[in-house]
Amino acid sequence: MTTGYLWDEIFGWHDTGSGTLFPADPDLGHQPISHHVAHPDTKRRMHELICVSGLVDHLTRIAPRTASVEELTRVHTPEHVERIVRESAQPKGGDAGDGISPFGKGAYRIAALGAGSAIAMTEAVVAGTVDNGYALVNPAGHHALPETGLGFCIFNNVAIAAKHAQAVLGIERIAIVDWDVHHGNGAQAIFAEDPSVLTISLHQDRCFPPNSGLVEERGTAAGEHYNVNIPMPVGCGDGAYQYAARTVIGPALEAFAPELIIVASGFDPNAMDPLARQLVTTRGFITLTETVMEAAARSAGGRLVLVQEGGYSPVYVPFCGLATIETLAGVHVMDDGLLPVVGGMGGHDLEPHQKELVDRVAAFVGDIA
Ligand code: 6DK
Ligand code: ZN
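Predicted model, so just to flag it, every value in this text is computed and none were measured.

Student: Looking at this model, I keep getting lost on the site of ligand 1. Mind explaining?
Tutor: Around ligand 1, the surrounding shell holds 16 residues, and the nearest of these are His 142, His 143, Asp 268, Gly 310 and Tyr 312. The contact in question runs from an oxygen atom of ligand 1 to an N or O atom on the side chain of His 182, over 3.1 Å. Here an oxygen atom of ligand 1 sits 2.5 Å away from a polar atom, N or O, in the side chain of Tyr 312. Coverage of ligand 1 by the protein amounts to 79% of the 530 Å² it exposes when considered alone.

Structure, rendered in structure tokens:
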């Protein structure tokens, strides 16, 4: 198996400001801090573990590239792109669109490189340069909507890559699987009426955006049945995630038979994450990766692209990324050094209320054709 890998040092320069989660504000008690929760050091550390562990020697480096305005506007409005360009030129930068997603000067260059890198990895996989690939990009993209950024996201990297695959690479049927712990609202909205793109989001029930990602949101018009939300209750561990993967994600992908699978790969379902309440370990991410690999092998000639989204434990995200990319490449170079702690805390058996939610969603799989 040849696995592509992409990281650029400039992704580590994305400046999320001095706030904790909200921008620093003495009137509201938001104290400044050295590291915002979405500080890129978490992803930089993941890249470093991939290098230091020796995994990088088993991977094919794919060169990043900048998305053009034409490529960005396959998803976003020209007004959104222009606003990001404008605010990005300001000495102190601007905000992606919701007031909690600050960015520093030059963020446009970084975000356009992130979107272009999702495209570059998709091109490499479709061309057969590599069998599958991981684009470790920053900032994340899966909350971004056509007209605005949201939740730390500026451009919807995964949606831009999917549109590019359809417009330029001759791919028709695409599945987007989003396992970030927050709802993949961006792709859901962008492809809501489009039956050629199946969107599946596995997330924590009503975590972010507020009240988004319910079971009942199943696509509209011609796209009805082609959006699947799996809103997991709080406290799901590897057992619940494995059940969701095997009972919904795998069968839905088998029914849809995509020619390409793109994953919005967030590591924030992990048990040490400060922005969610799930308990997943590297074992869970390995199961998710195996599930999409098996599906890609069935219908897509193995074509599988993973694009980085969130993940906020600087301690554990590197191990999650390492295990995921090891699985993609079919090699094992280093054990998860934290598994004895993280996996030993309990919470990994499938609970009845977790099974009940997954079974409710599984009943929709038969509607996918
Ligand atoms: N909640 C992401 O990981 C981003 O999905 C997650 C962003 C979570 C923000 C948490 C937050 C609010 C704010 C206001 C009102 C209600 C809830 F996109 C990714 F980076 F991947 O601020
Ligand atoms: Zn997230």
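We are not done yet, so read on.
Student: I would appreciate a short explanation of the environment of Ser 212 in the present structure.
Tutor: Position of Ser 212 among the secondary structure elements: in the loop between strand 7 (197-204) and strand 8 (227-232). Since its relative accessible area comes to 13%, Ser 212 is described here as buried. Contacts of Ser 212, omitting those with residues within four sequence positions, involve His 183, Asn 185, His 203, Arg 206 and Glu 217.

Student: Can you help me understand helix 5 (residues 157-167) in this one?
Tutor: Within an α-helix, residues lying three or four positions from one another point in the same direction, as the helix has 3.6 residues per turn. With eight of 11 residues buried, helix 5 lies mostly within the body of the structure. Within helix 5, the full set of buried residues consists of Asn 157, Val 158, Ala 159, Ile 160, Ala 161, Ala 162, His 164 and Ala 165. Those residues of helix 5 that are buried are in contact with helix 2 (69-72), helix 4 (107-127), strand 6 (174-178), helix 6 (185-190), strand 9 (260-265) and strand 10 (304-308).

Student: What's the story with the environment of Val 56 in this structure? I'm lost.
Tutor: In this fold, Val 56 is placed in the loop between helix 1 (41-52) and strand 2 (59-61). It is 9.6 Å that separates the C-alpha atoms of Val 56 and Ile 325, two residues lying 269 residues apart in sequence. Aside from chain neighbours lying at most four places away, what touches Val 56 is Tyr 5, Ile 50, Cys 51 and Arg 61.

Student: What is the right way to look at the layout of surface pockets in this model?
Tutor: Summary: where empty space remains is shown by rolling a probe the size of a single water molecule over the atoms. Here the largest pocket defines a volume of roughly 210 Å³. Along the wall of the largest pocket there are 17 residues; nearest its centre are Leu 21, Phe 152, His 182, Phe 208 and Leu 275. Looking at the lining of the largest pocket residue by residue, the class counts come to 10 nonpolar, five polar and two charged.

Student: Explain the nonpolar core to me, please; I cannot follow it from the model alone.
Tutor: One broad rule of soluble globular proteins: the nonpolar side chains tend to lie buried together. Counting residues in hydrophobic clusters, the biggest one holds 108 residues, and the most contacted among them are Trp 179, Ile 230, Met 232 and Leu 253. Grouped together as the second largest cluster of nonpolar side chains are six residues, Val 37, Ile 100, Leu 275 and Tyr 312 included.

Student: When you look at the coordination of the zinc ion (ligand 2) in this model, what are you seeing that I'm missing?
Tutor: The textbook angles at a metal center are 109.5 degrees for a tetrahedron of four donors and 90 or 180 degrees for an octahedron of six. Listed as protein donors to the zinc ion (ligand 2) are Asp 180 (OD), Asp 180 (OD), His 182 (ND1) and Asp 268 (OD); their distances from the metal cover 2.0 to 2.6 Å. Angles of 54 to 158° at the metal separate the six donor atoms of the zinc ion (ligand 2), which places the site in the irregular class. Positions of the donor residues of the zinc ion (ligand 2) along the chain correspond to the pattern D-x1-H-x85-D. Pair noted here: His 182 is in the loop between strand 6 and helix 6 and Asp 268 is in the loop between strand 9 and helix 8 (282-299), with a separation of 86 residues, a long-range link. Assigned by exposure class, His 182 and Asp 268 land together as buried.

Student: Would you explain the side chain of Ser 313 in this entry?
Tutor: Its place among the elements puts Ser 313 in the loop between strand 10 and helix 9 (317-329). Judged by relative accessible area, which is 4%, Ser 313 ranks as buried. Within the structure, the side chain of Ser 313 is placed 3.0 Å from the backbone nitrogen of Tyr 316, a separation counted as a polar contact. When residues no more than four places from it in sequence are discounted, the contact partners of Ser 313 are Thr 42, Asn 270, Met 272, Asp 273, Pro 274 and Pro 318.

Student: What should I look at first to understand empty space enclosed by the protein in this one?
Tutor: The tally for this structure, following the rule as stated, stands at three cavities of 30 Å³ or more. Here the largest cavity is characterised by a volume of approximately 110 Å³. Taken together, 14 residues make up the lining of the largest cavity; nearest its centre are Ala 38, Lys 43, Asn 138, Ala 140 and Tyr 312. Looking at side-chain class alone, the lining of the largest cavity contains six nonpolar, six polar and two charged residues.

Student: Teacher, can you tell me more about the pairing of strand 9 here?
Tutor: Side-chain direction in a regular strand flips from residue to residue, so the side chains alternate between the two faces of the sheet. Judged by how many residues are buried, strand 9 sits mostly within the fold: six of six residues are covered. Neither face of strand 9 is open: one carries Leu 260, Ile 262 and Ala 264, the other Ile 261, Val 263 and Ser 265, and all of them are buried. Sheet topology note: the strand 6/strand 9 ladder contains five bridges and is parallel. When the sheet's bridge partners are listed, Ile 176 is paired in strand 9 with Ile 262. Summarising the sheet, strand 9 and strand 10 pair through five bridges and their orientation is parallel. Residue pairing across strands places Ile 262 opposite Val 305, the latter belonging to strand 10. Assessed by its sense of winding, the connection that carries the chain from strand 9 through helix 8 to strand 10 is right-handed.

Student: Could you clarify how one ought to interpret helix 9 in this entry?
Tutor: Look at helix 9: 18 Å from first C-alpha to last across 13 residues, which is about the 18 Å you get at 1.5 Å a residue. In terms of burial, helix 9 is largely enclosed, as 13 of its 13 residues are buried. Trailing helix 9 by a residue or two, Gly 330 shows a phi angle of about 70°, which is positive.

Student: Quick question: what am I supposed to make of the pairing of strand 6 here?
Tutor: In terms of burial, strand 6 is largely enclosed, as five of its five residues are buried. Of the two faces of strand 6, the one carrying Ile 174, Ile 176 and Asp 178 and the one carrying Ala 175 and Val 177 are both buried. Examined bridge by bridge, strand 6 and strand 7 share five bridges and lie parallel to one another. Paired with Ile 174 across the bridge in strand 7 is Val 197.

Student: Sorry if this is basic, but what is going on with the pattern of salt bridges here?
Tutor: Opposite charge on two side chains lets them pair, provided their charged atoms get close. Counting across every chain of the model gives 12 salt bridges. Here Glu 71 ties to Arg 65 by a salt bridge, and the two come within 3.0 Å at their closest N and O atoms. The salt bridge involving Arg 246 is made with Glu 294; its shortest N-O contact spans 3.7 Å. In this pair, Arg 246 sits in helix 7 (residues 238-256) while Glu 294 sits in helix 8, placing the two residues 48 residues apart along the sequence. By relative accessible area, which is 38% here, Arg 246 ends up partly exposed. The network of salt bridges with shared partners includes Asp 41, Arg 44 and Glu 48.

About the thresholds
Residues numbered from 1 in each chain as written. Chains lettered and ligands numbered in written order. Predicted model: local features only at pLDDT ≥ 70, side-chain atom pairs only at ≥ 80, totals over all residues. Heavy atoms only, no water. Near = heavy atom within 4 Å. Polar contact = N/O pair within 3.5 Å; in protein donor to acceptor, adjacent residues only side chain to side chain. Areas by Shrake-Rupley, 256 points an atom, 1.4 Å probe, with all protein chains shown as cover. Helix = DSSP H or I, 4+ residues; strand = E, 2+ residues; numbered from the N terminus. Buried < 20%, exposed > 50% of the residue type's maximum accessible area, 1.4 Å probe, protein only. Contact = heavy atoms within 4.5 Å. 1 Å grid on protein atoms, 1.4 Å probe; cavity = no way out; pocket = protein on both sides within 12 Å on 5 of 7 lines; lining within 4 Å. Points joined across faces, edges and corners; volume = space filled by probe spheres on them. Nonpolar A, V, L, I, M, F, W, Y, C, P; charged D, E, K, R; others polar. Core = buried A, V, L, I, M, F, W, Y, C linked by side-chain atoms within 4.5 Å. Donors = N, O, S within 2.8 Å, 3.2 Å for Na, K, Ca; no water. Tetrahedral: all angles 85-135°; square planar, octahedral: opposite > 155°, others 65-115°. Pairing = 2+ DSSP bridges. Right-handed = clockwise from strand over helix to strand, strands pointing away. Expected span 1.5 Å × (residues − 1). Salt bridge = Lys/Arg side-chain N within 4 Å of Asp/Glu carboxyl O.

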